[in-house]
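Inside the fold
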Amino acid sequence: MPSFLSHLECTSCNSIYSADELHTVCPNCGKVLFARYDLEAVRRNLTREHLLRRDATLWRWRELLPVREEANIVTLGEGGTPLLYARNLGRAYGFEKLYIKAEGLNPTGSFKARGMAVAVSRAQELGVRKIVTPSAGNAAGALAAYGAAAGMETYVFMPHDAPDINKLESAIVGAHVYLVNGLISDAGRIVKTLAPARNWFDVSTLQEPYRAEGKKTMGLELAEQFNWELPDAIIYPTGGGTGIVGMWKAFAELEQIGWIDHKRPKMISVQASGCAPLVKAFEQGKQRAEAWQDAQTIADGLRVPHPFADYLILDTLRASGGTAVAVSDDEIRDAMREWARLEGMFVSPESAATFAAFKQLAASGFLQPHERVVLFDTGTGIKYSHLVRAEFPVIDPNGRAWEEQVK
Ligand SMILES: *Cc1c(COP(=O)(O)O)cnc(C)c1O
Ligand SMILES: [Zn+2]
């Protein structure tokens, strides 16, 4: 089955563009472009039975993805992650229906793989040979991996204090890695300046149409995993917001092809209290967020001072009856430990932030014990071993008293 991609549409001024030429942001107004599909044709051609017979990667949704020729697909096995039942975490707070979408199982250990798999595949199809992104860390690792698999020249720019593993995982697959003495916003500015003259295609968050299409598949999978009846709330750690924006788009498309009804989850954004531009804008009833000053948090993926798609994220939170919550680094550390101990999962601080937010919202009554709530585990904790402290007794095998040391 082919892609039913039909055109690109601006999310702000509604201008229409051809989907078969390269675009970044809207040429008319500079805002986010969305990929649009012939959903009538998808409705007629795609059945749930088709889906069941396909491999478990995100490419099983190819009618709703932008890549036209199968030969252009660059895949490392992304998507198709499990929806885990969080029995122990839920029980500890009186919730019977708490779930975890386990995105840390993706290639490169985070859900960034979904967006980059689709963006790189489509870029390849449209003739791109050199590709670049600014990144807080995981986007760099994912772009580097898919860029390598596609045989592209790949450039990544990240803050100098991004986790070492993100620098190393990018370097090992051959990307050109640059560190910036500043934040992701500074890296973004540098990329914007360098890219045009060097013929680098810039895949900054929501500044080209196809990363969001990859992230959209999280929403498609959730709908299927909940048997086409969406959960009551989704808690998502929000930096640039591709996940929130992508899933919301997925739900609209599924309704238009007749697979779900109009009911939507409350979409809940979690940010770190050291960088919470969306929470502030949400609370003040604003349509746009202001740039956050002196952004700081241990959750690198949430250190995005000025999300480009702020207006889409804020619209989604409000339209869904959701909210935006800030959690402190201490709450994140506690949540990481509790999640690890109770469920046996070592998750990223960004993921742990969703559980910290869940605890706040359960205590305030915003979430009710009977509701079906999904925590987004966006990345594995193994990349964040620098946040874990533990002491281990060292045993001298020839010493006399070693048996006494082992309690
Ligand atoms: C990038 C990232 C986020 C934030 O994702 P957005 O879709 O950009 O809001 C959350 N968690 C992890 C682990 C990330 O790498
Ligand atoms: Zn526009």
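Shown above is the structure to which this text applies.
Residues numbered from 1 in each chain as written. Chains lettered and ligands numbered in written order. Predicted model: local features only at pLDDT ≥ 70, side-chain atom pairs only at ≥ 80, totals over all residues. Heavy atoms only, no water.

Considering the packing of aromatic side chains
The tally for this structure, following the rule as stated, stands at 13 aromatic pairs. Here F95 and F358 contribute two aromatic rings whose centre-to-centre distance is 4.8 Å and whose plane-to-plane angle is 75°, an arrangement assigned as edge-to-face. Separated by 263 residues along the polypeptide, F95 in the loop between α3 (87–92) and β5 (98–102) and F358 in helix α13 (residues 349–364) bring together distant segments of the chain. Summarising the aromatic geometry, the rings of F355 and F358 are spaced 6.1 Å apart at their centres and angled 15° between planes, so their arrangement reads as stacked. Taken together, the residues F355 and F358, both in helix α13 and three residues apart, mark about one turn of the helix. Overall, the relative accessible area of 0% leaves F358 in the buried class. Three or more aromatic residues joined by ring pairs form one cluster here, namely Y93, F95, W339, F355 and F358. If you follow R198 out to its NZ or CZ, it ends over the ring of W200, 5.7 Å from the centre. Positioned above the aromatic ring of F34, the side-chain terminus of K249 is 5.4 Å from the ring centre. (Phe/Tyr/Trp six-rings, centres within 6.5 Å; stacked < 30°, edge-to-face > 60°. Helix = DSSP H or I, 4+ residues; strand = E, 2+ residues; numbered from the N terminus. Buried < 20%, exposed > 50% of the residue type's maximum accessible area, 1.4 Å probe, protein only. Lys NZ or Arg CZ within 6 Å of the ring centre and 35° of its normal.)

Topic: the sheet that holds strand β13 (residues 373–377)
Reading across the sheet, the six strands line up as β4-β5-β13-β10-β11-β12 and stay open at both edges, with mixed pairing between neighbours. With one partner strand each, in any of the chains shown, β4 (83–85) and β12 (323–327) form the two edges of the open sheet. Averaged over neighbouring strand pairs, the angle between their axes works out to 25° when direction is ignored. Of the pairings in the sheet, the one linking β4 to β5 comprises three bridges and is antiparallel in character. From the neighbouring strand, L84 faces β5, where its bridge partner is I100. Running at roughly 130° to strand β11 (residues 266–272), helix α11 (residues 310–319) makes contact with β11 and β12 of the sheet. (Pairing = 2+ DSSP bridges. Axes fitted to C-alpha atoms, helices over the stretch in contact; angles between N-to-C directions. Contact = heavy atoms within 4.5 Å.)

Let's talk about the coordination of the zinc ion (ligand 2)
For the zinc ion (ligand 2), every protein donor is listed as C10 (SG), C13 (SG), C26 (SG) and C29 (SG), and the spread of their distances is 2.3 Å. One can describe the site at the zinc ion (ligand 2) as tetrahedral: its four donor atoms subtend angles covering 99 to 116° at the metal. Expressed as a motif, the donor residue spacing for the zinc ion (ligand 2) is C-x2-C-x12-C-x2-C. In this pair, C13 is assigned in the loop between β1 (5–10) and β2 (16–17) and C29 in the loop between β2 and β3 (33–37), connecting sequence segments 16 residues apart. Look at C13 and you get partly exposed, because its relative accessible area is 30%. (Donors = N, O, S within 2.8 Å, 3.2 Å for Na, K, Ca; no water. Tetrahedral: all angles 85-135°; square planar, octahedral: opposite > 155°, others 65-115°.)

Examining the site of ligand 1
Neighbouring ligand 1 are 17 residues, the closest being K112, Y236, G241, T242 and T378. T242 is positioned such that a nitrogen or oxygen atom in its side chain is 2.7 Å from an oxygen atom of ligand 1. Interatomic distance of 3.2 Å between a backbone N/O atom of G243 and an oxygen atom of ligand 1. Burial of ligand 1 by the protein chains amounts to 96% of its free accessible area of 380 Å². (Near = heavy atom within 4 Å. Polar contact = N/O pair within 3.5 Å; in protein donor to acceptor, adjacent residues only side chain to side chain. Areas by Shrake-Rupley, 256 points an atom, 1.4 Å probe, with all protein chains shown as cover.)

Overview of the pattern of salt bridges
Throughout the structure, instances matching the rule amount to 29 salt bridges. For E221, the salt bridge goes to R114, with nearest N and O atoms at 2.8 Å. Of the two residues, E221 sits in helix α8 (residues 211–225) while R114 sits in helix α4 (residues 112–125), which places them 107 residues apart along the sequence. For the pair shown, E221 and R114 are each scored as buried. Here K286 and E290 are joined by a salt bridge, their closest N and O atoms 3.6 Å apart. Residue K286 is classed as partly exposed on the basis of its relative accessible area, which comes to 34%. Because the salt bridges share partners, they merge into one network encompassing D20, R68, R122 and E125. (Salt bridge = Lys/Arg side-chain N within 4 Å of Asp/Glu carboxyl O.)

Details of a nonpolar patch on the surface
Nonpolar side chains collect at one region of the surface, where F346, I382 and V388 lie side by side and expose about 270 Å² of accessible area between them. On the secondary structure map, I382 appears in the loop between β13 and α14 (402–405). I382 gets classed as exposed once you look at its relative accessible area, which sits at 63%. (Patch = residues over 30% accessible without salt bridge, like charges linked within 9 Å, V, L, I, M, F, W, Y side chains within 5 Å.)

What about the nonpolar core?
Residues I131 and M247 are the most contacted members of the largest nonpolar core, which totals 85 residues. Every residue in contact with M247, bar those within four places of it in the chain, is listed here: K215, K216, M218, G219, L222, I234, Y236, M267 and F376. Counting 32 residues, the second-largest nonpolar core is a separate cluster that includes A233, I235, I298 and L387. (Core = buried A, V, L, I, M, F, W, Y, C linked by side-chain atoms within 4.5 Å.)

Structural notes on the pairing of strand β6 (residues 130–134)
In terms of burial, β6 is a largely internal element, four of the five residues being buried. Crossover handedness for the path β6 to helix α5 (residues 138–150) to strand β7 (residues 153–159): right-handed. (Right-handed = clockwise from strand over helix to strand, strands pointing away.)

What to know about the sheet that holds β3
Strand pairing in a sheet relies on backbone hydrogen bonds. The paired strands run either parallel or antiparallel. One open sheet holds the three strands; their spatial order is β2-β1-β3, and the pairing between them is antiparallel. What marks the edges here is a single partner per strand, and that holds for β2 and β3. Both β1 and β2 contribute to a ladder of two bridges, which runs antiparallel. Among the inter-strand pairings, E9 is bridged to a residue of β2, identified as I16.

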